[in-house]
Structures are given as structure tokens and as C-alpha cells.
Amino acid sequence: MSEESDLERTEPATPRRIEKAREEGQVARSHELTTFALLMVAAAGIAFIGASVVDKLLKIMKTGMQLERELAFQPDLMVNRFYELSIEGLIAIAPLLLPLAIVAFFAPMLLSGWMVSSKALMPRFDRINPINGFGRIFSVNSLVELVKALAKTAVVGGVATMIIWQKKEEVMALMTVPLDAGIGRTGDYLATSFLLIIGAMVLIVAIDVPFQIWQHAKQLRMTKEEIRKEHKEDEGDPYVKARIRGLQREAARRRMMAEIPKADVIVTNPTHYAVALKYKSDSMRAPTVVAKGVHLLAGRIRELGEEHRIPILEAPPLARALYFHAELESEIPEKLYAAVAEVLAYVFQLRRYHEYGGAVPNPPVDLPVPAGLDQPKHATESV
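Calculation criteria
- Residues numbered from 1 in each chain as written.
- Predicted model: local features only at pLDDT ≥ 70, side-chain atom pairs only at ≥ 80, totals over all residues.
- Heavy atoms only, no water.
- Helix = DSSP H or I, 4+ residues; strand = E, 2+ residues; numbered from the N terminus.
- Buried < 20%, exposed > 50% of the residue type's maximum accessible area, 1.4 Å probe, protein only.
- Contact = heavy atoms within 4.5 Å.
- Areas by Shrake-Rupley, 256 points an atom, 1.4 Å probe, with all protein chains shown as cover.
- Core = buried A, V, L, I, M, F, W, Y, C linked by side-chain atoms within 4.5 Å.
- Axes fitted to C-alpha atoms, helices over the stretch in contact; angles between N-to-C directions.
- Parallel < 35°, antiparallel > 145°, perpendicular 65-115°, else oblique.
- Nonpolar A, V, L, I, M, F, W, Y, C, P; charged D, E, K, R; others polar.
- Pairing = 2+ DSSP bridges.
- Expected span 1.5 Å × (residues − 1).
- Bend = angle between axes of the 7 residues up to and from the residue.
- Phe/Tyr/Trp six-rings, centres within 6.5 Å; stacked < 30°, edge-to-face > 60°.
- Lys NZ or Arg CZ within 6 Å of the ring centre and 35° of its normal.
- Patch = residues over 30% accessible without salt bridge, like charges linked within 9 Å, V, L, I, M, F, W, Y side chains within 5 Å.
- Salt bridge = Lys/Arg side-chain N within 4 Å of Asp/Glu carboxyl O.

**Considering the overall build of the chain**
Okay, step 1: Broken down by element type, the chain carries 15 helices and 4 strands.
Okay, step 2: Counting the 383 residues in the chain, one finds 29% classified as buried.
Okay, step 3: Sequence separation of 24 or more characterises 73% of the internal contacts of the chain that already satisfy a separation of 6 or more.
Okay, step 4: Put simply, the chain shows about 26100 Å² of open surface, and 62% of that area lies on carbon and sulfur atoms.

Below is the structure:
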């Protein structure tokens, strides 16, 4: 039962799943909202500039109905006249068409926001699969769309029927009035019907928008297993991360070992800790730790130091203090300047002895290591 529940899509979509769906062009859409916005703009346009547009179109129509004698015998002139009248007609209705085009472009963004997805334009062969096509035809979504279509038909038809029934006497009287007056009254009836239909569309939009949002969220639901897998991908596979950390440590260790031949001295515990120091007075402000290790790694540092004839000094408190409080490839702490200075002075004396001979320098003893500095930074830190 637990495995079955993990495979059921009961969990809300994660932000990553929602973003991926947007990249693929899967967003909540309400065609009813777009239709309602277009109808509203059309109604506003007709109310404010409809009369002037109609006047311009009537003038264009009257001009087009007037046929001059020379036009009847010159087809080229007729074509030019038709072209001119067409341009004038487009200019006349442009104040209505331009706002509608703008609304048609921006209305879908009211629900899903701005989105540009090239994946939505890619061909998908499953869309032309007849089996999938039949599945979509008889799906719940298709049933809902059918119900919405019937509802819209009922609303539009009901509003039109109501208006005709209420205005039946006025509509029948249109046959007895002059043509101009009849056209004007017909326009008024149509405008009234148009506004009432738009008002009825508010109910459809109010139902469709929440439904589309719910439907989209339902389609993006995830199983518990998918969420666990996503979290695992975000955090990274622990085995892969451990392997990467191991490789990083190995690479860092190789770089550290490659720096040991460049060290000036190696301070040891003598067996548990080993720290290699380097100091160049012309380029360094303070001595720098080039390698450090404990147990087996400390032994390897000592071996490399002996192979490259690096001076090795046994100073347990200083070795522990450097190991615990000095970072690799960083300068030593200021509290250890005095102790390390004595060590470097001994190293320089030892070099002079090997080059020019003389008295053998004595290794420094009782180095000034501050009390407690040879202990780990935290009480919980283990060696």
C-alpha cells in the first residue's frame, strides 16, 4: 500500500516542476478570459468611435457604388480604385482593430504572465497519434469543454431570446419605419444585446478561470517518489558527492606533496604531526604552511623531507599548534611568530654551517608557544 501511495500524483508541484512546465509552454490558459477581454474592448470601441467608423464606411461604400463611365472601359483604373477604397476602409476600422490586436496579444498573460517558449513550437508526433487523439476526445477535459460550449450557447441564446421577446413589438414595427430609422434602431438593439451578452460572459469567466488554474495544478501534481528524486538531484547523490570530495582531497594532497620540496623546514611531533613551512623574505609577509598532516600523512611528509634534504625539527608543542591553528597555504598565526622565527633562525644557521662549516648550531628548545595553543580549536575536534 505504501508503494502504491508513493506512485499516486497527490503532491503539489514543486517550483522546479512549475518552472520546467513553463519552459515547455505548459501554463494555465483561459480562452474565456481572452474572449471576454476582446468583447469588452470591442464594446468600448463601438460605444466611443463606432458612429464615426460607420460614417466613414458608408462614405466609402457610396464612393465605391458610383461607377464612372471611363472606369467601365479601363480595368486598370477599376483595380486602382478598389485598392484605394480598401486602404481607406482599413484606415477607417484601424481604431477598432488595433486595440483588439493588442488585447488579443496581452490577454493570455493575465492568467499566466509573460512567457516565451520555443519548446511549445517543436513538433510532437504524439499529437497526431490517432489513439491519443481518441483519448483526448473522450477525456474529462473534453467533456468539460463541451459543457462550457453548451453553457455559452445557452447564455448567448438565452440573452438573445430574452431581448427579442421583450422587444418583439418594436422588432416587428421595424418593417413599418423608414430605412434609415430602421437601421438605427436595429443598431441600438444589437448594441444592447451585445452588452448583455458580455455581462453574461462574466459568470462564465468567473467559473472558468479558477477551474483552469485548478486543472493546471492538478496536471502538474507529482508523486512522492518524484519529489524525493528531485530533492536528491538538487542536493546531489551522497555517493557522488562523497566521491567528488574524495577526489578533491586527493588532488589537494598531491598538490601539497608537490610543495614539500620547496619548504624551508618541517616541524614534527615527532611521529604524530608534521608541518612544512616556507618563507621568502622578499615576497612573503610571514611564513606560510605548505603542507601538514597527522599519523600516516605526517610520516609521508617526513619521508619526502628526508629525500629532498629538508631540515626536520622536533618541536611537539609548536608542531601541534601549527597543525591545529594554521591553515594550509596560509600564513601562520601572529601568536606563533616568535617561535617560528627561532626555528627559521636555526634553519639559516644550519644552511650556513653546511656551506661554510664551523660550529654546528644547536636546535632551539623551549620555544615560546602560548599556553593552550597546542590544543584543537574546539573541544570536540579529534585528531
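Let's pick the thread back up.
**Observations regarding the nonpolar core**
Okay, step 1: L277, L318 and L322 are the most contacted members of the largest nonpolar core, which totals 28 residues.
Okay, step 2: Put simply, the parts of the chain that give this core at least two residues each are β1 (265–268), β2 (273–278), β3 (288–294), α14 (316–325) and α15 (337–356).
Okay, step 3: With 7 residues, the single largest contributor to this core is α15.
Okay, step 4: Leaving out residues up to four positions away in the same chain, L318 has contacts with V267, L336, A339, V340, V343, L367 and V369.
Okay, step 5: Grouped together as the second largest cluster of nonpolar side chains are 14 residues, M257, A274, A298 and I301 included.

**Thoughts on the packing of helix α3 (residues 31–65) against helix α5 (residues 75–106)**
Okay, step 1: Look at α3 against α5: their axes get within 9 Å of each other, and the N-to-C directions meet at 175 degrees. On the basis of the axis angle, α3 is roughly antiparallel to α5.
Okay, step 2: For the contact of α3 with α5, the class distribution of residues is 18 nonpolar, 4 polar and 3 charged.

**Notes on the pairing of β3**
Okay, step 1: Among the 7 residues that make up β3, 7 are buried, leaving the element largely enclosed by the rest of the structure.
Okay, step 2: Looking at chain direction, β2 and β3 are connected through 6 bridges and run antiparallel. The partner of A274 across the bridge, within β3, is G293.

**Here we look at helix α13 (residues 296–307)**
Okay, step 1: Taking 1.5 Å of rise per residue, 12 residues should cover 16 Å, and α13 covers 17 Å from first to last C-alpha, within 8% of that figure.
Okay, step 2: Those residues of α13 that fall on the buried side of the exposure criterion are L297, A298, G299, I301, R302, L304 and G305.
Okay, step 3: Taken from the residues just after α13, R309 is the one with a positive phi, measuring 55 degrees.

**Some remarks on the side chain of R302**
Okay, step 1: The residue R302 is located in helix α13 in this model.
Okay, step 2: Once residues lying within four places of it in the same chain are set aside, the contact partners of R302 are T268, P270, T271, Y273, A274 and I312.

**Comments concerning the environment of E32**
Okay, step 1: Mapped onto the elements of the fold, E32 is located in helix α3.
Okay, step 2: Residue E32 is classed as buried on the basis of its relative accessible area of 4%.
Okay, step 3: Setting aside its immediate chain neighbours within four residues, E32 contacts K148, K152, M201, I204, V205 and D208.

**A word on α3**
Okay, step 1: In this model, α3 (35 residues) spans only 40 Å end to end at C-alpha, well below the 51 Å of a helix rising 1.5 Å per residue.
Okay, step 2: At I49, α3 is deflected by roughly 70 degrees, the largest bend along its length.

**Observations concerning unusual backbone geometry**
Okay, step 1: Positioned with a positive phi, R309 is a non-glycine residue whose angle comes to about 55 degrees.
Okay, step 2: Tracing the backbone shows R309 in the loop between α13 and β4 (312–314).
Okay, step 3: By relative accessible area, which is 79% here, R309 ends up exposed.
Okay, step 4: With a phi angle near 50 degrees, D366 is a residue other than glycine that sits in the positive phi range.
Okay, step 5: Following the sequence through the fold, D366 ends up in the segment after α15.
Okay, step 6: Residue classification places D366 among the exposed positions, given a relative accessible area of 76%.

**Examining the sheet that holds β4**
Okay, step 1: Judged by pairing direction, the sheet is mixed, and its 4 strands sit side by side in the order β3-β2-β1-β4 without closing on themselves. Edge positions in the sheet fall to β3 and β4, since each has one partner strand and no second. Ignoring which end each strand starts from, the neighbouring axes of this sheet average 20 degrees apart.
Okay, step 2: Taken together, the 3 bridges between β1 and β4 define a ladder with parallel strand orientation. Residue pairing for β4: T268 is matched across the bridge by E314.
Okay, step 3: Against the sheet, α13 contacts β1, β2, β3 and β4, and its axis sits at roughly 130 degrees relative to β3.
Okay, step 4: Most of the contacts of α15 go to β1, to which it runs at about 130 degrees, and overall it touches β1, β2 and β4.

**A look at the packing of aromatic side chains**
Okay, step 1: All told, the structure shown has 5 aromatic pairs when counted by the stated rule.
Okay, step 2: A ring pair is formed by F105 and F106, whose centres lie 4.9 Å apart and whose planes are at 85 degrees; its orientation type is edge-to-face.
Okay, step 3: The class for F105 is partly exposed, based on a relative accessible area of 47%.
Okay, step 4: Residue class for F106 comes out partly exposed when judged on its relative accessible area of 44%.
Okay, step 5: Pairwise contacts between aromatic rings join Y273, Y323 and F324 into one cluster.
Okay, step 6: Cation over ring: K292 sits above Y323, and NZ or CZ is 5.2 Å from the ring centre.

**A look at a nonpolar patch on the surface**
Okay, step 1: A surface patch of nonpolar side chains, about 420 Å² in accessible area, is lined by V54, L58, M61 and M65.
Okay, step 2: By secondary structure assignment, the location of V54 is in helix α3.
Okay, step 3: What makes V54 partly exposed here is its relative accessible area of 46%.

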